[in-house]
Amino acid sequence: MTEANSAPVGTQAKVAASLRRRYAAEMRFRAYGILAIAVGLAFVGFLFYSIISNGYTSFRQTYLAVDVEYAAELIDPEGGRSAEALQAADYAAVIKASLRAQFPAVEGRSSLRHLYGTVSNAAEVTLRDRVLAHPELIGTRETLWLMADDHVDTFVKGKIDRRLPESDRPIADEEIEWLDQMRAQKRIDVRFNRAFFTNGDSREPEQAGVAGALAGSALTLMITLLLSFPVGVAAAIYLEEFAPKNFWTDVIEVNINNLAAVPSIVFGLLGLAMFIQFFGLPRSAPLVGGLVLSLMTLPTIIIAGRASLKAVPPSIREAALGMGASRVQMVLHHVLPLALPGMLTGTIIGMARALGESAPLLMIGMVAFIVDVPHGVSDPSTVLPVQIYLWARSPERAFVERTSGAIIVLLGFLLVMNAAAVILRKRFERRW
């Protein structure tokens, strides 16, 4: 009896031990999964923290209050008040004379150069526009808020440690003393940086903006959408609903899947050889950029479109054909409306990928330094990823801030596109 009862007890113990090991392994697997997610979220959080902490200050700009003396002998010595004379006046001399009058104790060539360098070159344009709009200001004096230079702006925002030796920072000790005096007199103000959203690119960091890159990205994506969406949807419908299943359609499907995995720079080389060298289209234009990105996004849209069509139940097709509809009516009136949300989602994903691409656009010349904001698809322009690339290569410290700010704008653009995809999907989604 003892041997007969001991066998089941031993078996139960082995089964219980096996179950404990199995449950322990499952718990470890879950712990590894949670740890992997936590590590991934930590890296993503660090990335966003780094970008936002470096870039949010680019949306603010430092201004200095300067008592400007509109000296007639410097602006309009002849007294004619003609627009040509006011346009060509030496406003840099006006600013320098005003700064010397505000800080009369400053002497010496080096100190004066530092004093003049506290104000941005954009101040000359500000004075010129103001005098052209109000010629009656000539001969008077007023306090005007002028844009500070990039190293002053960086210091005021706390990105330069004043405790460092003078040789290790881009701002001199005497400049810090002048700024402390102006701060005590409430002559320093940090305002919303409208120029960052209204200006094009510039060699001066405080004057550089993303308006040109935003306009170029919008025009390029418009061309991409107008070309890739109808062609991609039509190709997906034909291949899924009408094309015969034979050797040639298999070859087409394999090539479409392969094109979706081709590196983007290859499409840039294709665009350079075909659109620019063969057809003679202008370099660095949204038209060529849109054509290149259309070639790149077409495989993604076609694959997503075919997957959406396959997801429509066969009963929808059978019911439509059973009611006497033709194949074209069945597809356009019944299948396509049900597959449209998935197609739109695939299109937005393809457009988001196109927005973040820079390699194919570098090959067609969209890496040029563009100051003016483009107004047409044939105007020279750049796009946000290329603008970020250009600013990241700049040696000025203030461009680090502008680079992170442009990345924030790009991420905001992507969030808007993804939100549009969700809204469109909800808008056109139908249940069966």
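That block above? That's the structure.
Residues numbered from 1 in each chain as written. Predicted model: local features only at pLDDT ≥ 70, side-chain atom pairs only at ≥ 80, totals over all residues. Heavy atoms only, no water.

**Examining the overall build of the chain**
Looking only at helices and strands, the chain features 18 helices and 3 strands. Taken over C-alpha atoms, the radius of gyration comes to 32 Å for the chain, far larger than the 22 Å a tight globule of 432 residues would show. Per-residue burial over the chain gives 43% buried out of 432 residues. Here the analysis covers contacts within the chain between residues at least 6 apart in sequence; of these, 78% occur between residues at least 24 apart. A total accessible area of about 23,300 Å² is found for the chain, and carbon and sulfur atoms account for 63% of it. Each charge sign in the chain was given a centre, from 41 positive and 40 negative side chains, and these centres are 14 Å apart. (Helix = DSSP H or I, 4+ residues; strand = E, 2+ residues; numbered from the N terminus. Rg over C-alpha atoms; globule rule 2.2 N^0.38 Å. Buried < 20%, exposed > 50% of the residue type's maximum accessible area, 1.4 Å probe, protein only. Contact = heavy atoms within 4.5 Å. Areas by Shrake-Rupley, 256 points an atom, 1.4 Å probe, with all protein chains shown as cover. Lys, Arg positive; Asp, Glu negative; His and termini not counted. Charge placed at Lys NZ, Arg CZ, Asp CG, Glu CD.)

**Here we look at the pattern of salt bridges**
Applying the stated rule across the entire model yields 17 salt bridges. The salt bridge involving Lys157 is made with Asp153; its shortest N-O contact spans 3.0 Å. Across the pair, exposure class does not vary: Lys157 and Asp153 are buried alike. Salt-bridge contacts for Arg163 lead to Asp161; the nearest nitrogen and oxygen are separated by 3.1 Å. Accessibility expressed as a relative area gives 72% for Arg163, which makes it exposed. (Salt bridge = Lys/Arg side-chain N within 4 Å of Asp/Glu carboxyl O.)

**Some thoughts on the pairing of strand β1 (residues 60-69)**
Across the 10 residues of β1, 8 count as buried, placing the element largely inside the fold. Pairing analysis gives 5 bridges linking β1 to strand β3 (residues 188-192), with the strands arranged antiparallel. Paired with Tyr63 across the two strands is Asp189, which belongs to β3. (Pairing = 2+ DSSP bridges.)

**A closer look at the sheet that holds β1**
One open sheet holds the 3 strands; their spatial order is β2-β1-β3, and the pairing between them is antiparallel. If you trace the sheet from one side to the other, it starts and ends with β2 (141-147) and β3, each paired once. Mean inter-strand twist for the sheet, computed between neighbouring axes without regard to direction, equals 35°. (Axes fitted to C-alpha atoms, helices over the stretch in contact; angles between N-to-C directions.)

**Regarding unusual backbone geometry**
With the exception of glycine, most residues fall at negative phi, and the peptide bonds are largely trans. Even without being glycine, Lys186 reaches a positive phi, approximately 60°. Secondary-structure assignment places Lys186 in the loop between α8 (173-184) and β3. Positive phi outside glycine occurs at Ser284, with the angle close to 55°. By the secondary structure assignment, Ser284 is in the loop between α12 (264-278) and α13 (286-311).

**Thoughts on the packing of aromatic side chains**
A full pass over the atoms with the stated rule returns 9 aromatic pairs. With 6.1 Å between their ring centres and 45° between their planes, Phe103 and Trp178 make a pair best called tilted. Note that Phe103 is positioned in the loop between α4 (91-102) and α5 (109-116) and Trp178 in helix α8, a separation of 75 residues in sequence. Summarising the aromatic geometry, the rings of Phe196 and Trp391 are spaced 6.3 Å apart at their centres and angled 40° between planes, so their arrangement reads as tilted. You can see Phe196 sitting in helix α9 (residues 195-198) and its partner Trp391 sitting in helix α17 (residues 384-392), a full 195 residues away along the chain. With respect to burial, Phe196 and Trp391 carry one shared label: buried. Three or more aromatic residues joined by ring pairs form one cluster here, namely Phe59, Phe192, Phe196, Phe197, Trp391 and Phe399. Cation over ring: Arg191 sits above Tyr63, and NZ or CZ is 5.2 Å from the ring centre. Between the NZ or CZ atom of Arg203 and the centre of the ring of Phe369, over which it lies, the distance is 3.8 Å. (Phe/Tyr/Trp six-rings, centres within 6.5 Å; stacked < 30°, edge-to-face > 60°. Lys NZ or Arg CZ within 6 Å of the ring centre and 35° of its normal.)

**Concerning the packing of helix α10 (residues 211-242) against helix α15 (residues 327-355)**
For the pair α10 and α15, interaxial distance at closest approach is 9 Å and the crossing angle is 140°. When the axis of α10 is compared with that of α15, the two are oblique. α10 and α15 meet at a crossing whose hand is right-handed. Split into classes, the residues belonging to the contact of α10 with α15 amount to 17 nonpolar, 4 polar and 2 charged. (Parallel < 35°, antiparallel > 145°, perpendicular 65-115°, else oblique. Left-handed = near helix turned anticlockwise from the far one by under 90°. Nonpolar A, V, L, I, M, F, W, Y, C, P; charged D, E, K, R; others polar.)

**Quick look at the nonpolar core**
Leu361, Ile364 and Trp391 are the most contacted members of the largest nonpolar core, which has 35 residues in total. Where this core is concerned, the elements lending two or more residues are α10, α12, α13, α15, α17 and α18 (398-428). Top element by residues in this core is α18. It accounts for 6 residues. In this view, Trp391 contacts Phe196, Asp201, Ala208, Gly209, Val210, Phe399, Arg402, Thr403 and Ala406; residues no more than four positions away in its chain are not counted. Counting 34 residues, the second largest nonpolar core, distinct from the first, contains Tyr91, Val106, Val119 and Ala148. (Core = buried A, V, L, I, M, F, W, Y, C linked by side-chain atoms within 4.5 Å.)

**As for a nonpolar patch on the surface**
Taken together, the side chains of Val44, Leu47, Phe48, Ile52 and Tyr56 define a hydrophobic patch exposed on the protein surface, amounting to about 470 Å² of accessible area. Here Val44 lies in helix α1 (residues 2-55). Assessed through its relative accessible area of 41%, Val44 is described here as partly exposed. (Patch = residues over 30% accessible without salt bridge, like charges linked within 9 Å, V, L, I, M, F, W, Y side chains within 5 Å.)

**Quick word on the packing of α10 against α18**
Remark: α10 packs on α18, axes separated minimally by 12 Å, with the N-to-C direction vectors making an angle of 30°. What the angle tells us is that α10 and α18 run roughly parallel. In the packing of α10 onto α18, the handedness of the crossing is right-handed. Contacts from Leu214, Ser217 and Leu221 of α10 reach α18 at Val409, Phe413 and Met417. When the residues that make up the contact of α10 with α18 are grouped by side-chain class, the tally is 5 nonpolar, 1 polar and no charged.

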